Amino acid sequence: MAIGWLTVLKSVPWAEVISNAPKVADGAKKLWSTIGKKSPAPQADAAREEPAHAPDDPSVAALQTRISALESEAADLHDQMLASSELIKALAEQNTQLIQNIEANRVRVLRLTGITAFVAIIAVAGLVLALVAHAG
């Protein structure tokens, strides 16, 4: 199972992901600021307007009911869009943090590899010196 994950992680173009992370975060922030500034059309103003036809006409009453339902649906859709853009913003910020943590871990692994190689060289040199001293 771990081999499958390693294959997936190796196939990810990390250089591109790291370079594009700030762009993704900025795009999400712009989306959130654009969506957050817009407000749904006020429903109260539409309800206060006087109908052009007599309200006794059943077709006009049906249209007013339909308009009210559509306004309500549009407000619900706007709320969903706000929630979605907020989620996208949060995910973009988490992606940026994840990329920063991965980069820090990569640097740590490189340092640990260098230190381990250095210690291995010293250990091999000590073993060779011990063998030469014991043989001589």
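Remember, it's a predicted structure, so these values are computed and weren't measured experimentally.

Colleague: Any chance you could break down the overall build of the protein chain for me, citing the residues and the numbers?
Modeller: Within the protein chain one finds four helices and zero strands. The helix and strand sequence of the protein chain, counted from the amino end, reads α-α-α-α. For the protein chain, the residues scored as buried account for 8% of the 136 residues in total. Contacts spanning at least 24 positions in sequence make up 89% of the contacts within the protein chain whose residues lie at least 6 apart. When the accessible surface of the protein chain is totalled, it reaches about 10,900 Å², and 67% of it is carbon and sulfur.

Colleague: Break down a nonpolar patch on the surface for me, with residues and values.
Modeller: A cluster of nonpolar residues, L112, I115, F118, V119 and I122, forms a patch on the protein surface that exposes about 510 Å² of accessible area. Tracing the backbone through its elements, the reader meets I115 in helix 4 (residues 58-135).

Colleague: Run through the side chain of T96, naming residues and quoting values.
Modeller: Looking at the secondary structure, you find T96 in helix 4. The contacts of T96, once residues within four sequence positions are left out, are A21 and A25.

Colleague: Lay out helix 4 in plain terms, naming residues and giving numbers.
Modeller: Taking 1.5 Å per residue as the helical rise, helix 4 with its 78 residues ought to reach 116 Å, and the 112 Å between its terminal C-alpha atoms agrees with that figure. Those residues of helix 4 that sit buried are V60, A75, H78, S85, A92, T96 and I99.

Colleague: Got a sec to walk through the pattern of salt bridges? Specific residues and values, please.
Modeller: Within this structure, the stated rule accounts for one salt bridge. E103 is paired through a salt bridge with R106; the nearest N and O atoms lie 2.6 Å apart. Placement of the pair is E103 and R106 together in helix 4, with a separation of three residues, close to one helical turn. Take E103: its relative accessible area is 25%, and that puts it in the partly exposed class.

Rules used throughout
- Residues numbered from 1 in each chain as written.
- Predicted model: local features only at pLDDT ≥ 70, side-chain atom pairs only at ≥ 80, totals over all residues.
- Heavy atoms only, no water.
- Helix = DSSP H or I, 4+ residues; strand = E, 2+ residues; numbered from the N terminus.
- Buried < 20%, exposed > 50% of the residue type's maximum accessible area, 1.4 Å probe, protein only.
- Contact = heavy atoms within 4.5 Å.
- Areas by Shrake-Rupley, 256 points an atom, 1.4 Å probe, with all protein chains shown as cover.
- Patch = residues over 30% accessible without salt bridge, like charges linked within 9 Å, V, L, I, M, F, W, Y side chains within 5 Å.
- Salt bridge = Lys/Arg side-chain N within 4 Å of Asp/Glu carboxyl O.
- Expected span 1.5 Å × (residues − 1).

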